[in-house]
Amino acid sequence: MREVAIIASAQADNTATTTSTPVEMLIPVIQQVLANASMTKTDIGFWCHGSCDYMTGQPFSFVSAVDALGAWPPIIESHVEADGAFALYEAWLKIQTGEIDTALVFGNGRSSSGDINRILTLQLDPYVVGPLWPDDRSIAAMQARACLESGVVTERAMAEVAQRNHRNALTNPKALRRGDHSIEALMAAQLVADPLRELDCPAHADGVTAVIIAAGDRARGLAARPAWIRGIDHRIESQNLGNRSMTTLPSAALAAHKAGVANDKIDVAELHAPYTHQELLLTSALGLSEATTINPSGGALCANPMMSAGLARFAEAATRIMNGTADRALGHASSGPWMQQNLVCVLEGE
Amino acid sequence: MSDDVLRIRTPISIKYQYSAGPRVSSHLLGLMDGRFVGKRCPVCELVYMPPRNGTCAKCGALLGEDVEVGQRGTITTFCVVNVPFLGQTIKIPYVSATILLDGADMGMQHLIQEVDAADVRMGMRVEPVWRPREEWQPSLENVLHFRPTGEPDAPFESYAGHL
Amino acid sequence: MSGGTSEYSIAADGSFTAPLELSYPYKRTVGPILSRFLTSLRDQRVEGTKGSDGRVHVPPAEFDPVTGEHLTEWVDVASTGTIVTWSWQPAPVEGNTLQHPFAWALISLDGADTNLLHAVDAGSADAIKTGMRVTARWAAEPSGSISDIVCFDLTSGSPT
């Protein structure tokens, strides 16, 4: 296996809405990540993109992202209809084939173009579930109730997740929602989708994340302290909500096992858990201890730019390796209802 | 059994609020004024009309100054549509062409009318036929079609680099 | 598509914006397993398929989740069941079978081993609890679709 590391990242400020087109949003972030790495576009061997046409409301809208890259002379690029974190996995694989040594990975999207809660209904079974139009938040809320009633999580624990993430977001200029809330205030807040309260649910955002990865000595030449990808794995559960565990995440546990999470302690974990109860389920599934700092960025709860929130977790985890505040970190991305898909990545500094 | 359910209707509809972004506003305002306004790339100096996304497809830079082009242009390539399709509003055969407006570096696509399909050719000089002014919207649909100007054809060298 | 240039507005930064509605009139062929399931729904009956491990799947599974083989054994299942989890939808959206606040629920129908996702017309979030018994409300004019069950109604009978 070739050694691969994250050597630079960049994120747009997350906003509730923007008039910019997805392409306009991309350009400054692409330029920033290249500048952060002291690279030019000719140094990039592969460009890999994550986005969702249904979010944009235009078929093949992802193709126009190439306009942000300046694709002349012709470039090698690919796209996944998914979060940019999954594009990073594809780029990592392409480096393993030996065809390339560097890749620029990016995820972007305007959640505000439409009703994101409704758009996510389109990812459900199109025959016997989708036609009833259950929205994403209602579905997450059903999982939350099952977790509460089985004792796997408590309302207080969910409030503590909300409190911690919103406090952490106070120091993250990229976050959309932030604040210092008391547990009492959080637990007394109005229910928006019983049993979920507003701050149990993600702050949907328009945003962009870009990350550059490089192989071996190339990475060592590009960053003083690369964030080495020591393990990466992606597992997916059944799409059938009626035949899945409501209180555990077997795919996350398996991905963590395959990625070698338990081999040593994790200093920092950035988890792509859009709902508070899901962060609790994930912490348990990944086997994280209280010694791990979770979501110092405020996580997907405080800024959930669809299609780049997962990649942002990788960027946040890698940043802490690169700046020396962590030696071993975990980046996580999820996709699908009830965190159906889980991508786990272990990062280490040398 | 012939009475069994064999298919289901599962219509989907999603509402969006589309934004064209600030960089194409001058282009759209130009269309509302009967003008073709594109933008120039500050790095490679190409003029794009329309200035889609306000970005240079060649180098990825944000496009800079507004540049008015046309009204006239040259057909660089075209196709003759003979096949009827659902939703067709124009009588077949009709010609869809790429038109390089005078001053632009990228062709735009539009309809050619007021000439026999068989007489359309590369290099043909054309001009826009606009709808009545009171019908104008921020859209290229303000132009009904392009028609021949009657000028001599543009020399091949003048558009060879845009094929 | 509908919406578009005639309904545009201009934002503070000069951007032109306009509403856009994307709609697709999808018609989907359902295959033999879903065909039988939906045909039964049209007749106000619920059927599921039995897997290699004896579990009864409703909605039916086309392929065994354990072995991957085609499933061919059908089992009649009741149109009554028990709520295993629920959430409250205070603001129904276009396409929901109910257009007043209702509960989403996963329902374990009597005789099934997997849960069915559907709506429960509970009236209020205070009226519904996990474990309550529900019964299907059938559409007056069925079309051979999942909404031939309009929703489930709470029935008396203590939570299990």
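Remember, predicted model here, so these are calculated numbers, not experimental data.

### Concerning helix α3 (residues 84-96) of chain A
All names here are of chain A.
Alright, step 1. With 13 residues, α3 should cover 18 Å at 1.5 Å per step; its first-to-last C-alpha distance of 18 Å lies within 8% of that length.
Alright, step 2. Across the 13 residues that make up α3, a large majority, eleven, are buried.
Alright, step 3. The N-cap residue of α3 is D83: its side-chain oxygen and the backbone nitrogen of A85 are 2.8 Å apart.
Alright, step 4. Once α3 ends, the next one or two residues include G98, with phi positive near 85°.

### Focus: the nonpolar core
Alright, step 1. Counting residues in hydrophobic clusters, the biggest one holds 51 residues, and the most contacted among them are F37(C), L109(C), V120(C) and F152(C).
Alright, step 2. At the level of secondary structure, the elements contributing two or more residues to this core comprise α5 (136-150) of chain A together with α1 (31-42), β7 (74-77), β8 (80-89), β9 (102-109), β10 (116-120), β11 (133-138) and β12 (149-154) of chain C.
Alright, step 3. If one sorts the elements of this core by residue count, β9(C) sits on top with seven residues.
Alright, step 4. Those residues in contact with L109(C) that sit more than four places away from it in its chain are V46(C), V58(C), V77(C), A78(C), S79(C), T80(C), G81(C), L116(C) and F152(C).

### Things to note about the interface of chain B and chain C
Alright, step 1. Contact residues are listed per partner, giving 27 residues for chain B and 28 residues for chain C.
Alright, step 2. Summing both sides of the interface, chain B and chain C together bury roughly 2,500 Å²; the carbon and sulfur share of this comes to 53%.
Alright, step 3. Contact with chain C buries area across many residues of chain B, yet V5(B), I8(B) and I12(B) alone supply 22% of it, more than any other trio.
Alright, step 4. The tally of links from chain B across to chain C stands at three salt bridges.
Alright, step 5. Put simply, chain B and chain C have 15 residue pairs in polar contact (both at pLDDT 80 or more) between them.
Alright, step 6. With eight residues, strand β2 (residues 12-19) of chain B is the largest single contributor of residues to the side of chain B that touches chain C.
Alright, step 7. The residue inventory of the side of chain B that touches chain C, partitioned by class, reads 14 nonpolar, eight polar and five charged.
Alright, step 8. Pairing geometry for strand β1 (residues 7-9) of chain B and strand β4 (residues 27-29) of chain C, over three bridges, is antiparallel.

### Looking at the pattern of salt bridges
All names here are of chain A.
Alright, step 1. Counting across every chain of the model gives 45 salt bridges over all chains.
Alright, step 2. Of the charged contacts in the structure, one is a salt bridge between D267 and K265, with a shortest N-O distance of 2.5 Å.
Alright, step 3. Taking the relative accessible area as the measure of exposure, D267 reaches 15% and is therefore buried.
Alright, step 4. Residue classification places K265 among the exposed residues on the basis of a relative accessible area of 55%.
Alright, step 5. Within the structure, one salt-bridge network assembled from shared partners comprises E3, D217, R220, R230, R328, E348 and E350.

### Quick notes on the sheet that holds strand β6 (residues 56-57) of chain C
Residue and element names in this part refer to chain C.
Alright, step 1. Taken in spatial order, the three strands line up as β6-β5-β7 in an open sheet, and their pairing is antiparallel. Of all the strands in the sheet, the pair left with one neighbour each is β6 and β7.
Alright, step 2. One ladder, built from four bridges, connects strand β5 (residues 46-50) with β7; its direction is antiparallel. When the bridges of β7 are listed, E47 appears paired with D76.

Rules of the game
Residues numbered from 1 in each chain as written. Chains lettered and ligands numbered in written order. Predicted model: local features only at pLDDT ≥ 70, side-chain atom pairs only at ≥ 80, totals over all residues. Heavy atoms only, no water. Helix = DSSP H or I, 4+ residues; strand = E, 2+ residues; numbered from the N terminus. Expected span 1.5 Å × (residues − 1). Buried < 20%, exposed > 50% of the residue type's maximum accessible area, 1.4 Å probe, protein only. Polar contact = N/O pair within 3.5 Å; in protein donor to acceptor, adjacent residues only side chain to side chain. Core = buried A, V, L, I, M, F, W, Y, C linked by side-chain atoms within 4.5 Å. Contact = heavy atoms within 4.5 Å. Buried area = accessible area lost by both parts, 1.4 Å probe. Salt bridge = Lys/Arg side-chain N within 4 Å of Asp/Glu carboxyl O. Nonpolar A, V, L, I, M, F, W, Y, C, P; charged D, E, K, R; others polar. Pairing = 2+ DSSP bridges.

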